[in-house]
Amino acid sequence: MRYQLQVNVERWPLRQAFTIARGSKIEAEVIVVQISDGTYTGCGECVPYKRYSEDIVSVHAQIESVRAEVENGLDVEGLQTLLPAGAARNALDCALWDLRCKQQQCSIYQLLDIASVVSIPIMQTLSLDTPQAMARAAAQHPPGSMLKIKLGQGVNLDIERLAAIHAATPDTRWVLDVNEGWTLEELSNLLPELKRYPVVFLEQPVHRDNEQALAHYQGAIKFCADESFHDRSSLSDMQGLYQVVNIKLDKTGGLTEALATIKAAKSAGLEIMLGCMVCTSLGILPALLFAGMADFVDLDGAMFLATDRENGIEYVNSLINSPLYPLWGL
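As a starting point, this report considers the structure included with it. (Residues numbered from 1 in each chain as written. Predicted model: local features only at pLDDT ≥ 70, side-chain atom pairs only at ≥ 80, totals over all residues. Heavy atoms only, no water.)

## A short note on the packing of aromatic side chains
Per the counting criterion, the structure on display carries five aromatic pairs. Seen from their ring centres, Phe201 and Phe296 are 4.9 Å apart, and the 65° between their planes marks the pair as edge-to-face. Taken together, the positions of Phe201 in strand 8 (residues 199-203) and Phe296 in strand 12 (residues 296-297) put the pair 95 residues apart, joining distant regions of the chain. For Phe201, a relative accessible area of 0% corresponds to the buried category. Classification of Phe296 as buried rests on a relative accessible area of 11%. (Phe/Tyr/Trp six-rings, centres within 6.5 Å; stacked < 30°, edge-to-face > 60°. Helix = DSSP H or I, 4+ residues; strand = E, 2+ residues; numbered from the N terminus. Buried < 20%, exposed > 50% of the residue type's maximum accessible area, 1.4 Å probe, protein only.)

## A word on unusual backbone geometry
Non-glycine residue Gln105 carries a positive phi angle of around 55°. When you line up the elements, Gln105 lands in the loop between helix 4 (87-104) and helix 5 (108-112). In this structure Gln105 comes out as exposed when scored by relative accessible area, which is 53%. Even without being glycine, Glu180 reaches a positive phi, approximately 70°.

## A word on the pattern of salt bridges
Following the criterion strictly, the structure yields 21 salt bridges and no others. The partner of Arg11 in a salt bridge is Glu27, with the nearest N and O atoms 3.8 Å apart. With Arg11 in strand 1 (residues 4-20) and Glu27 in strand 2 (residues 23-36), the pair connects residues that are 16 residues apart, well separated along the chain. A salt bridge links Glu203 to Lys148, with the nearest nitrogen and oxygen atoms 3.0 Å apart. (Salt bridge = Lys/Arg side-chain N within 4 Å of Asp/Glu carboxyl O.)

## Here we look at the sheet that holds strand 12
Sheet architecture is open: eight strands sit in the order 5-6-7-8-9-10-11-12, paired in parallel fashion. At either end of the open sheet lies a strand with only one pairing partner, and these are strand 5 (124-126) and strand 12. Pairing of strand 5 with strand 6 (residues 146-150) involves three bridges; the strand directions are parallel. Bridge pairing links Thr125 to Lys148 in strand 6. (Pairing = 2+ DSSP bridges.)

Shown next, in the form of structure tokens:
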């Protein structure tokens, strides 16, 4: 079967700047892939990950490098051997699954034999800012919410941020996402301080080059791997260092590998967090399939957009409501 491949770069303005330890952004820059058989069209979206030396140009080129194979009828199984894990394969993989759903006139849940997700609690991310601004943002979330708090630009300010957030929302639980922003010395000094707060786990507290030292820390606070974890090939490196892994489709290279990675990580005794980039609902929906398999769900990336796609995800308080159709999955 012959296919037609279309690749577009899109830029979606954010409501306000989104900041992590490595920098800020004011728009979501995404690549959208459409694969058509002449009757049906499947869509997928990816976000190039600068941390892994990806950008719009390089990811676009990766997709174009397999144009001939895609247009000659490539399937998801064949795709896994053509491109490495990463954003380019993610967009193509999700588009091929969407196309298969439409060709077979059944939902992605039916194809994968996964229980459907309608509404599920998610984390609410607080962009890195001043202590006062982060406290105001935290206060907008209801008691019992799980907040994902971005940290990592100044350890003294981080302490002030946590104190301010706790004063504003004493009944929330926290994930602290440092994005490799602390040194080992800072981590050691801060761990006793963090016992005062409702911290569920620390996400990527130090640079991956220093993470072997995490094996020496013992305590109630778990460590979660993000920048250090990609797909199944990363699992052996996690043992003894991390208790949770952040699975993102832009890292695994699509939902095909994400599903296999989730199963393998669970078998290895690791807890699962579903993560995402700042993107549109088209980038979130394929990951939402696995919400029922995850211990933690961090799929609020589309919340930061000034406007989202039509028929997109609905965020209500700390819940994510999936429309699924007709945007993606059938």
